[in-house]
Amino acid sequence: MGTKKKIFVSLVFLILNFEIAADEVHKSEYFSYWSKELKKFNYSLPDELKDRFFISNFDNAEIKTERISIIINKVSFPNETINYGIFIRSNAISNLASNVYRAFYFQNEKLSLVTSTALYIDGLKRYDFGGIIVRVGLTYEYDDHGHLTISCLDKTTKKTFYEIVAKQYCDQSIELNDENSVVRVRSYQSNCNYGCLRYFPYLEPGDYFTVKNQVNLRKEPTSKSEVLKSLVKDTKIKIIEDTFKHEYFQGQDAANWVKVRIEDGGEGFIYGGFLRAPFEPDFVLIREKAAKWKKYTVKNKKGLKFQVFII
């Protein structure tokens, strides 16, 4: 190879490596990226947590108060690129299992997964698998291009540790494109034993939308209280404060009662499981789109590529 050609190749190599390096985000910047992603779900990360994360040399950090805990941990899963997790839980619910968190998983600075966690209980009573934490419930998955997949995760008994901690899908997953149009639906033969639900440790003050029709605005933070008004889906409300008063509803997202103000100025209480943050995916609408997409695809499968997968 001639000298000029060698120099040219070397310059190309240096330019390419410079571009790759320019795209990399240093660990010291991760926290600011994570904060922006969690803000979309109306969660904020305290500066004290950032300081502790830096002191740990970007390894782990925790903030714990009487009402909440927020933890940053390095994590790893078989065949996944996730390497950090931010876990949020309520300390105000006395009977809440110690390993139940709302979890935000990242590949470096990029958000990969939003889900909940639970303690794995082995159906075969193998005590060696005690204490394992698994991912469960309604899940938002993001690929390298930021495309969203809505899925449901379960915690069924598996043979090995790697099978247990891997994502265990149930019900269906719905893949979306840049325009939030459904491009593929995968149906799974297993039902969701845990339930395809969300867990809210608490809801920070700010703007939210109702996720369904007939959401009751009540006088007091309890389902036995007087109904002041019934709200339709996508009604905009503002949370004033989270009461940290929890009530369990069968088949409904786990949350607290929150004090809210509606657009006409009225105030009252709404169960937090009936709300979503403005930038949180509208999973109800997405499921409706998926149902229509499946119906259309099956109806026209002779003329189209059949894309409803049964797994």
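Residues numbered from 1 in each chain as written. Predicted model: local features only at pLDDT ≥ 70, side-chain atom pairs only at ≥ 80, totals over all residues. Heavy atoms only, no water.

Attention shifts here to the overall build of the protein chain. Summing up its helical and strand segments, the protein chain has five helices and 17 strands in all. Burial analysis of the protein chain (311 residues in total) assigns 43% to the buried set. Taking contacts inside the protein chain between residues at least 6 apart in sequence as the whole, the part at least 24 apart equals 52%. When the accessible surface of the protein chain is totalled, it reaches about 17,500 Å², and 52% of it is carbon and sulfur. (Helix = DSSP H or I, 4+ residues; strand = E, 2+ residues; numbered from the N terminus. Buried < 20%, exposed > 50% of the residue type's maximum accessible area, 1.4 Å probe, protein only. Contact = heavy atoms within 4.5 Å. Areas by Shrake-Rupley, 256 points an atom, 1.4 Å probe, with all protein chains shown as cover.)

Taken together, the side chains of Leu 119, Ile 121 and Ile 133 define a hydrophobic patch exposed on the protein surface, amounting to about 250 Å² of accessible area. In this structure Ile 121 comes out as exposed when scored by relative accessible area, which is 63%. (Patch = residues over 30% accessible without salt bridge, like charges linked within 9 Å, V, L, I, M, F, W, Y side chains within 5 Å. Salt bridge = Lys/Arg side-chain N within 4 Å of Asp/Glu carboxyl O.)

So, about the confidence of the model for the protein chain. Looking at the protein chain as a whole, the pLDDT averages 88, with 88% of positions reaching at least 70. Predicted confidence for residues 4-22 stays below pLDDT 50, and this span has two contacts to residues more than four positions away or in other chains. Across residues 303-311 the pLDDT falls below 50, and counting only partners more than four positions away or on other chains, this stretch makes 25 contacts in the model. (pLDDT = per-residue confidence, 0-100.)

The element strand β8 (residues 172-176) is extensively covered by neighbouring structure, given that five of its five residues are classed as buried. Direction of pairing for β8 relative to strand β9 (residues 182-187): antiparallel, over a ladder of five bridges. Considered in β9, the bridge of Glu 175 is made with Arg 184. Taking the residues between adjacent antiparallel strands as the criterion, β8 and β9 are bridged by five residues, where Asn 180 takes a positive phi near 60°. (Pairing = 2+ DSSP bridges.)

A few words on the side chain of Ser 173. Tracing the chain through its elements places Ser 173 in strand β8. Of the polar contacts made by the side chain of Ser 173, one reaches the side chain of Tyr 188; its length is 3.3 Å. Those residues in contact with Ser 173 that sit more than four places away from it in its chain are Thr 149, Ile 150, Ser 151, Arg 184, Val 185, Arg 186 and Tyr 188. (Polar contact = N/O pair within 3.5 Å; in protein donor to acceptor, adjacent residues only side chain to side chain.)

Residues Trp 34, Tyr 43, Ile 86, Phe 104 and Ile 237 are the most contacted members of the largest nonpolar core, which totals 61 residues. The residues contacting Tyr 43, other than those within four sequence positions of it, are Ser 35, Leu 38, Ile 88, Arg 102, Phe 104, Phe 200, Pro 201, Tyr 202, Leu 203 and Glu 204. By size, the runner-up hydrophobic cluster in this structure holds 17 residues, among which are Val 75, Tyr 101, Ala 103 and Tyr 105. (Core = buried A, V, L, I, M, F, W, Y, C linked by side-chain atoms within 4.5 Å.)

To continue, consider the packing of aromatic side chains. Applying the stated criterion to the full structure yields 22 aromatic pairs. Where Tyr 43 meets Phe 104, the ring centres are 6.1 Å apart and the plane angle is 70°; that geometry is what we call edge-to-face. Here Tyr 43, found in the loop between α2 (27-39) and α3 (47-55), pairs with Phe 104, found in strand β4 (residues 101-107); they are 61 residues apart in sequence, far enough to count as distant. Like Phe 104, Tyr 43 is buried. Their ring planes at 65° and their centres at 5.5 Å tell us that Tyr 271 and Phe 274 sit as a pair that is edge-to-face. In this pair, the class of Tyr 271 matches that of Phe 274, namely buried. These aromatic residues form a ring-pair network of at least three members: Tyr 30, Trp 34, Phe 53, Phe 54, Phe 58, Tyr 84 and Phe 106. Across the ring face of Tyr 33, the terminal group of Lys 36 is positioned such that the distance to the ring centre comes to 5.9 Å. One Lys or Arg, Arg 89, reaches over the ring of Tyr 101 and ends 5.5 Å from the middle of that ring. (Phe/Tyr/Trp six-rings, centres within 6.5 Å; stacked < 30°, edge-to-face > 60°. Lys NZ or Arg CZ within 6 Å of the ring centre and 35° of its normal.)

Glancing now at the pattern of salt bridges. Scanning the model with the defined rule gives 18 salt bridges in all. A salt bridge links Asp 282 to Lys 233; the nearest nitrogen and oxygen atoms lie 2.8 Å apart. Here Asp 282, found in the loop between β16 (275-276) and α5 (283-299), pairs with Lys 233, found in the loop between β12 (227-231) and β13 (236-246); they are 49 residues apart in sequence, far enough to count as distant. Judged on exposure class, the residue Asp 282 and its partner Lys 233 are both buried. Within this structure, Arg 102, Arg 198, Asp 253 and Glu 280 form a network of salt bridges that share partners.

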